[in-house]
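Below, each chain spelled out in residue letters.
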Amino acid sequence: MSILAKRSLIKEDKSNIITLGQIAKEMKKKDPEIVNATIGMLYDEDGKLLTFKSVDKALLSLNADEKYAYASTPGSKDYHEALKKWVFREKYDEFKDISSVMATPGGTGALSNTIANYLNDGDNVLVPNYMWGNYKQVAYENNVGFETYNLFNEDGRFDLKDVKEKMLKLKETQKRVLIIVNDPCQNPTGFIMNDSEWEGLIDIIQELSMDNTPIILLHDMAYIDYDYRGFEATRKNIYRYKDLNPSAISIMAFSGSKTMALYGIRIGAQICVSSNKDNLYDFDRANKFSSRSKWSNSTQLGMNLISKVVLNDEFRKSFEEELETSRNMLRDRAFAFIEESKKVGLKTLPFECGFFITIPCDNPTKAYEYLVNKKIHIIPMGNVLRVTISAISLRECKMLPKFIKEAIDNI
Ligand code: PLP
């Protein structure tokens, strides 16, 4: 008999990404020929973890206090200013007083706090049917279930019709809706919503919140800075949050892991936008309480690194240049993979850019085993295979589609 509490009895991390990633890593140590397309981190063309020189320089400039001292729970003023500047860019002045920031350990902490504070026990969070699997665990940990919406309609575009139907259903049953949208460069598909899809989503939020029903858009923007279209395109939809109804808010989950490649430092934030001062006040007090009780405060090192890079013109300029180079590297890999997939007849889910490409597959576990025998490690999930193109070279991106097609045809 287990001595775990009742609600913990079923707890088991079902995500195979970390486990399979570790297996691939260990095997690659013994055999460098192994292709490890598992874990969502960015590697350079020589197979080394990609780091930014500007971030390294900023690290060297930090003193002991800036690295090791306790931080305040919500994070420093500088950190808040830096993130607002980074996200709102030229509209910083317009948004600085209608937004608020809460430091969190990575985007994961931001997702957890938001679900904890904007849904009641037993409610469902609305998530896409193709998703980062951890959403479900974060929900469970916060006494919440989940409902899914179709990410794609029959034309392979964002399924606004299904989103609206599911939101209406949840509005009816639980009198509030919290929807997670992971855009751009959706994990695991690499999908990007276009302008009219964003407009449509905001229209639905406005319509459903007209009668004062709380509608919360949790915008998981983990991969925002890897969209090949650049800053202007990726901030456009964020600027729409300014006009949301008083009972609708947008909370963005920012990930320092992805934007600055600070994966292990565990730094991120919730960034809330609302023209309603009460919403901002509530956001600050409830999320500060949650953070204090769960992790007390976030890393001083992570916050100061991000603040230094963004607020120092010289660091920021060189970081933006480096970011562009890494974006282009990722885009070249993606084009190569897609081009090769077309040549060999390998079908992928709608993809535009990002760390991953997803392939429909009826028996992903068998395909995984087949590919491991060919020294290729990718992730089997549900009814798809996920290939992490951020972790492999251009040469490997050109090589993989043929093997994956072969695996699917032979199992
Ligand atoms: N959201 C998505 C879609 C992710 O893929 C990840 C990490 O892989 C995260 C959020 C959270 O990342 P972190 O907590 O490292 O910022």
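Residues numbered from 1 in each chain as written. Predicted model: local features only at pLDDT ≥ 70, side-chain atom pairs only at ≥ 80, totals over all residues. Heavy atoms only, no water.

**Quick word on the overall build of the chain**
In terms of helices and strands, the chain carries 16 helices and 12 strands. Relative to the 2.2 N^0.38 estimate, which gives 22 Å for 411 residues, the radius of gyration of the chain is 21 Å and therefore close to what a compact globule would have. Taking the principal axes of its C-alpha atoms as reference, the chain extends roughly 60 × 55 × 55 Å. Residues classed as buried in the chain amount to 55% of the 411 residues present. (Helix = DSSP H or I, 4+ residues; strand = E, 2+ residues; numbered from the N terminus. Rg over C-alpha atoms; globule rule 2.2 N^0.38 Å. Buried < 20%, exposed > 50% of the residue type's maximum accessible area, 1.4 Å probe, protein only.)

**Notes on the pairing of strand E12 (residues 384-388)**
Counting buried residues along E12, 5 of its 5 residues qualify, which places the element largely inside the surrounding structure. Here E12 shows a buried face lined by Val 384, Arg 386 and Thr 388 and a second buried face lined by Leu 385 and Val 387. Bridge analysis of strand E11 (residues 379-381) against E12 gives 3 bridges, and the strand direction is antiparallel. Bridge assignment links Ile 379 to a residue of E12, and that residue is Arg 386. Hairpin remark: E11 followed by E12, antiparallel, with 2 residues in the connecting loop; positive phi at Gly 382, about 50 degrees. (Pairing = 2+ DSSP bridges.)

**Quick word on the site of the ligand**
Surveying the vicinity of the ligand reveals 14 residues, the closest of which are Gly 107, Thr 108, Asp 220, Tyr 223 and Ser 257. In the model, an oxygen atom of the ligand is placed 2.8 Å from a nitrogen or oxygen of the Arg 266 side chain. For the shell around the ligand, the secondary structure elements donating two or more residues are helix H6 (106-118) and helix H11 (256-259). In terms of residue count, H6 provides more of the shell around the ligand than any other element does, 3 residues in total. Residue classes in the shell around the ligand are distributed as 4 nonpolar, 7 polar and 3 charged. (Near = heavy atom within 4 Å. Polar contact = N/O pair within 3.5 Å; in protein donor to acceptor, adjacent residues only side chain to side chain. Nonpolar A, V, L, I, M, F, W, Y, C, P; charged D, E, K, R; others polar.)

**Remarks on the sheet that holds E11**
Where strands meet in a sheet, backbone hydrogen bonds hold them as pairs that are either parallel or antiparallel. Reading across from one edge, E9-E12-E11 is the order of the 3 strands in this open sheet, with antiparallel pairing throughout. Every other strand in the sheet has two partners, leaving strand E9 (356-360) and E11 as the edge strands with one partner each. Between one strand and the next, the sheet's axes are offset by a mean angle of 25 degrees, whatever the strand orientation. In the packing of helix H16 (residues 394-410) onto the sheet, the strands contacted are E9 and E12, and the crossing angle to E12 comes to about 165 degrees. (Axes fitted to C-alpha atoms, helices over the stretch in contact; angles between N-to-C directions. Contact = heavy atoms within 4.5 Å.)

**Observations concerning the packing of aromatic side chains**
All chains considered together, the criterion is met by 14 aromatic pairs. Residues Tyr 226 and Phe 355 carry aromatic rings whose centres are separated by 5.1 Å and whose planes lie at 75 degrees to one another, so their mutual orientation is edge-to-face. Within this pair, whereas Tyr 226 is found in the loop between strand E6 (215-220) and helix H10 (231-235), its partner Phe 355 is found in the loop between helix H14 (313-344) and E9, the two being separated by 129 residues in sequence. We classify Phe 355 as buried; its relative accessible area is 1%. Through a chain of ring-to-ring contacts, three or more aromatic side chains come together here, namely Phe 52, Trp 86, Phe 231 and Phe 319. Here the basic side chain of Arg 7 rests over the ring of Tyr 140, its NZ or CZ set 4.5 Å away from the ring centre. It is Lys 85 that lies over the ring of Tyr 92; its NZ or CZ is 5.0 Å from the centre. (Phe/Tyr/Trp six-rings, centres within 6.5 Å; stacked < 30°, edge-to-face > 60°. Lys NZ or Arg CZ within 6 Å of the ring centre and 35° of its normal.)

**Focus: the domain arrangement of the chain**
Split by domain assignment, the chain resolves into domain 1 (6-52 + 316-409) and domain 2 (68-312). Look at where the C-alpha atoms of domain 1 and domain 2 centre, and you get two points 25 Å apart. On the side of domain 2, 33 residues touch domain 1, which itself brings 35 residues to the contact. Interface area for domain 1 against domain 2, summed over the two sides, is near 3,000 Å², with a carbon-plus-sulfur share of 60%. The three residues of domain 1 that bury the most area against domain 2 are Arg 327, Glu 352 and Cys 353, which together make up 21% of that side's buried surface. Its salt-bridge partner being Lys 11, residue Glu 141 comes within 2.9 Å of it at the nearest N-O pair. Mapped onto the side of domain 1 that touches domain 2, the elements with two or more residues apiece are H14, E9 and E12. For the side of domain 1 that touches domain 2, the element with the highest residue contribution is H14, accounting for 8 residues. Class assignment for the residues of the side of domain 1 that touches domain 2 results in 18 nonpolar, 6 polar and 11 charged. (Domains from an automatic or database assignment. Buried area = accessible area lost by both parts, 1.4 Å probe. Salt bridge = Lys/Arg side-chain N within 4 Å of Asp/Glu carboxyl O.)

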